[in-house]
Structures are given as C-alpha cells and as structure tokens.
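What the coordinates show
One letter stands for each residue in the lines below.
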Amino acid sequence: METWAPMSISEKDLRVRFAPSPTGALHVGGARTALYNWLAARHSGGKLVLRIEDTDLERSTEANVRQIIEALEWLELDWDEGPLSQVARAPEHAAALQRLLDSGAAYHDAATADDVRAWKNEHGAGKGYRGIPDPDGSGAVRLRVPADGDTVVDDLIRGEVRFPNASQDDFVIARADGSVLYNFAVAVDDAEMGITEVIRGDDHLSNTPKQLLVLGALGVEPPRYAHVPLLHGPDGKKLSKRHGAASVQELREAGYLASAVRNYVALLGWGPGDDETLLDTAELIARFRPEDVGRSSAVFDEKKLRWMNGRYMREMDLDRYTEAVATFEGRKVDERLRVACMIAQEKAQTLAEVWPLIRFLFEEPVEDEKAWRKTMKDHATSALTSAREALAGLESFEAAGVEAALEPIPERLNLKPGKVYQPIRVAITGTTVSPGIFESVAALGKVETLDRIDSALRRLATAPEPAA
RNA sequence: GGCCCCGUGGUGUAUCGGUUAGCACGCCAGGUUUUCAACCUGGAAGGGCGGGUUCGACUCCCGCCGGGGCUACCA
C-alpha cells in the first residue's frame, strides 16, 4: 500500500497548531485555518495545539479569547494541548533573545522607525536596512540578516519560494523594553513546542523568511510550512465584517449548522479530487491532506452554504433536528415542537427559517395585510365555509383524515385547489407560506383550527373585499 | 515604491500538453405541485491579454494586465 504523506512527515508525530490572535472575532478565514489544522491532526493521529497569540497587549482582550474558544467549540473542533498564552511564555522568549544577543546574531540598534525610513529613502526601498550596534545596548533589538543569498521557504502548497536576503531588513525582534515581537515569538514557540507543520494563512508567507532566519540564528530545525490562500468576499476584497456573515458567531446566529459550515469551509481552497461535494466530517478527516490545498484565493459564497445547510438539515433525524431548533430558539423540547419540526423539516434551509414556519402552532396567526388581501377574495368565504363544515365533522384529526375531508372541496366549488387551500392557510397562520396545509391543520388541532377559520369568516363578513 | 503570492463560467472546483473543458452552488426555462421549499428535466455561462516553445497548449516559458499579502519597537 502506498503511503499518503510525504516521507518527511512521520504521521503519528505530527504536531500542528492553531494560533489565533485575539484581536477580534474568529471569522471564516480563521475558522478554515483551524479546520485544516484539525483535519491534519485527526487524519494523522497527531496533535493539535491551541496557542493564543496575545503579545499585542493593546488589542488582545479576554473577551476575544473567550469568543474564539466558543467559536471553536461550536464548530466542534477540539485540541489536544492548550490554550496556551503566548505572553505567558515571556521568560522563554527572553532567554532565546539573550542567546541571540550573546552570540551576536542580534544587536541593539538606536535607530527609530523614522531613521530607518530615512535610510530607505537614501538607499532605495529594495535594499534591506542594516543597523549599527548601539554601544550602550539601548534601542530595539534587530536580527542580523545575511548580506546576500536567499532565504527559501519550502512550502507544502506553494513550493519553493525564495526571498533575497539583500532586500530583507535587519528586522526588529524585540522592543527597547525587552518585550519580543510577533515574528520572533512565533518562531521560538513553534520550535520549542515541537510543531512539525505550520498550516496558516497566506498573509504569513512574507513573514516566514523572518521566522526562518530567527530559527537559523537559534540553530534549530524549522517546521514544514503550508500557506493556505486567503478568503475573499464576493467583491474580491479580503473577507471582513462588511461581507455579511463573516464571523463564526454570525454564521451560528444566521442558523447554520456546524457540520454544514465545516463541510462548506473545507471546500474553500480544497477538494477531495473527485466530484464529491457533500462530505461529512469523517470523510473530511479521511481525505484531507494539506498538500492538496489549492494556491488561489477563494470567495466565500453564502448561497452555496445555504444550499448545503439545507441538505444537512433535511438529513438530520427528527430528534436531533428538534433539539437543534429548540437550542436555536431558546425553547424547550416538547411534543408540540417535535410535531412542528416534523412538518417543517423539509422546508427550511437554516435553523432561522424554521420558526416563522411553525410559530402559528404556538402563537396567534401573524398579521399580514398583504397576505390577507391577496388571498381573501370573493371565493374565500365559500371555501372557508365548506372547509369548516368538512373539518367540523371529523372525528380524528390526522393529516390523512384532514386531507380526505378537504380534498373534494375544490371540485365541488369548482375552484382551483389553491383557491381553497390558501384561504385556509391564511386563516390559520396569517401568512401565505407554511408547511403542507393538511399537516398544518392537523398539527394545529380541531378546536384551534375551527376557531381561526371562524374569525377569518367573521372578518370577511364584516369587511368584505371588493369582487375579485 | 520594494519583496512575495495568485489568475478555468457569477462562485467553489476537476482535468494539468491532445477532452464535446467535467461536477456543485447560483441563474434561466420547463415539469411536479395546496403555498414556500424540496425534487425532476433542459439551458445559458469559463481557460485575463499578448508573445513564444511544440505537430498540438488551460496546462510549459516570458511580458503585460488584474487581484491579494507583507513592507510597525502590530499580530
């Protein structure tokens, strides 16, 4: 049998990480990165570690950390180690920094950002800045970058990407106060946490040579990198808040299922290689390989998610469906909700669409003047009168019985079926859209149905519509 | 400006030197139908542009154009 993974990756020892910075909600792009890491770990039997990239004290908040963790939990993506705070590792960072300072691989430079900009103006933007070691050891700490040669990233997805050292600045790895910067902390952490494969967004590709340089200075073996393309909105711009449901939280509130979101998001930039579209989580785990991820950026298209979500909704068994609706609406599961869900299941594409379809079973009909005017024309009175009569004589109020009772009416009145059923629908629900009329009537029950038909009839008598 | 990545229909993708360029969402038309969905059938719609290489390029090379990322004592 052929082995799937490249020889360089020993399956069980794979260690990946998801390292979000808690500067905002987890959005779809981050969710996909998390998913890919999770799939890689579960596929190989390796480990996933969750690390919170919180070294930006200004923007990182506890609330954001909580929100990200909740989003991951909702997505049902678990991790094996963590969450670890990056700031908590400050001592390790400081130690690594000191080693570099001692070895001369890094040095203090008194130059400010303005100084560097001025230097660039003079020497050209394509030339990497080289600082001057400050004799007093003050100023930010910069890493010494080789004068020439390339730093090459051997990327699982991109292939070999070369970055000329000559155009790379001696970049800052620690502030004057000694606190380390992102590219340094990441490199140190990935190395010390034994990360074997870094799967992250494309926006980090340009950062990778810096991390490689840090790792090289530290004398440690770098992990393998896999940079996945970024996600864009329908307008082609980088995905952001302005693109509708962009965060996991919003997706959840819009009534999507975690399973559908996982399936959909997995397909953004990755495919199983054949024409399969609906892949459950087990299949995703079995078939996902980071090296199969595409190179071009993808656009998040909510329309397809909606379709896919509808598929998942219809495939759920009734108990789980009812449970999901109850949770979404903040209600208790009971027999009535169960019946409601049963008759609505095939109609809704999202959890949010369920309640409008079944609320008439729990509340008075909604007020919808447009629906009333459109439906309650002249024929409505005779249709409703006949329906009431037929229903009133019913012993058992099952959908089949209701259908048998109502079904002869259109012909008897010489009306199209819709002319009979729509008035009933509007009478009992208030709207023109509902689950099947027979099921709806049956679910509502005899007393309430008759009652609602009666009040519709009363209204028709009091305020007759002009002839249709 | 500099460095880097990307470019198959509206969207996600398959094919990766020879195909009627496949599939899915969406869209359009028709069917089914008690509404809305669902479902069924059919249809429109694609290799950014220009040069090469080759008997033959969506597939390889170069240029251009377009999109994106990084360029902070942010992450």
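Quick note: structure is the one above.
I will try to describe carefully the structure that is included in this document. (Residues numbered from 1 in each chain as written. Chains lettered and ligands numbered in written order. Predicted model: local features only at pLDDT ≥ 70, side-chain atom pairs only at ≥ 80, totals over all residues. Heavy atoms only, no water.)

**Concerning the protein's contact with RNA strand B**
Short version of the rule: Throughout this document, a residue counts as near a molecule or strand when at least one of its heavy atoms sits within 4 Å of that molecule or strand. Any pair of nitrogen or oxygen atoms within 3.5 Å is treated as a polar contact; in protein, a donor-acceptor pairing is required on top of that, and neighbouring residues in sequence qualify only through side-chain atoms on both sides. Only DSSP runs of H or I reaching four residues or more are called helices, and only runs of E reaching two or more are called strands; each is numbered from the N terminus. Residues were grouped as follows: Ala, Val, Leu, Ile, Met, Phe, Trp, Tyr, Cys and Pro as nonpolar; Asp, Glu, Lys and Arg as charged; and all remaining residues, including Gly, as polar.
Surveying the vicinity of RNA strand B reveals 66 residues, the closest of which are S21, D56, R158, G269 and K347. Considering the 4 Å shell around the protein, atoms of RNA strand B inside it are sugar or phosphate in 69% of instances. At 2.4 Å, a side-chain N or O of R158 approaches a sugar or linking oxygen of RNA strand B. Between a base nitrogen of RNA strand B and a side-chain N or O atom of S206, the distance comes to 3.1 Å. Secondary structure elements with two or more residues in the surface near RNA strand B: β5 (140-143), β7 (159-164), α5 (182-192), β12 (298-299), α10 (302-315), α18 (417-429) and α19 (437-444). For the surface near RNA strand B, the leading source of residues is α18, giving five residues. Tallied by class, the residues present in the surface near RNA strand B amount to 24 nonpolar, 21 polar and 21 charged.

**Points about unusual backbone geometry**
A cis amide bond links G82 to the next residue, P83, at an omega of 5°. When you line up the elements, P83 lands in strand β3 (residues 81-85). The phi angle at E76 is positive, at roughly 65°, despite the residue not being glycine. Non-glycine residue N414 carries a positive phi angle of around 60°. Within the secondary structure, N414 sits in the loop between α17 (409-413) and α18.

**Some details on α5**
In an α-helix, one full turn covers 3.6 residues, which means residues spaced three or four apart are oriented alike. How we decide: Here the term buried applies to any residue with accessible area under 20% of the maximum for its type, exposed to any over 50%, and partly exposed to those in between, with areas from a 1.4 Å probe on protein chains only. Note on contacts: a residue pair qualifies if any of its non-hydrogen atoms lie within 4.5 Å across the two residues.
Across the eleven residues of α5, eight count as buried, placing the element largely inside the fold. Buried within α5 are the following residues: N183, F184, A185, V186, A187, V188, D189 and D190. Structurally, α5 contributes buried residues whose contacts are with β1 (15-18), β2 (47-52), α3 (90-103), β8 (172-174), β9 (197-201) and α6 (208-218). After α5 finishes, the residue G194 shows a positive phi value of roughly 65°.

**Side note on empty space enclosed by the protein**
The cut-off we apply is this: Here a cavity denotes grid points, spaced 1 Å and computed from the protein atoms alone, that fit a 1.4 Å probe unable to get out, and a pocket denotes an open set having protein on both sides within 12 Å along at least 5 of 7 lines; residues with an atom within 4 Å of a point are the lining. Grid points are joined across faces, edges and corners, and a volume is the space filled by probe spheres set on the points.
In total, this model carries three cavities of 30 Å³ or more according to the counting rule given. Considering only enclosed or pocket space, the second largest cavity measures out at about 50 Å³ in volume. Lining of the second largest cavity is provided by F18, A34, L48, L50, L72, L77 and W79. For the lining of the second largest cavity, a count of residues per class yields seven nonpolar, no polar and no charged.

**Quick word on the nonpolar core**
Here is the rule we go by: Residues belong to a common nonpolar core when they are buried Ala, Val, Leu, Ile, Met, Phe, Trp, Tyr or Cys residues joined through side-chain atoms within 4.5 Å.
In this structure, M376, L384, L391, V402, L406 and I424 are the most contacted members of the largest nonpolar core, which totals 104 residues. In this structure, L384 is in contact with M376, P423, I424, A427, I453, A456, L457 and L460, ignoring residues within four places of it in sequence.

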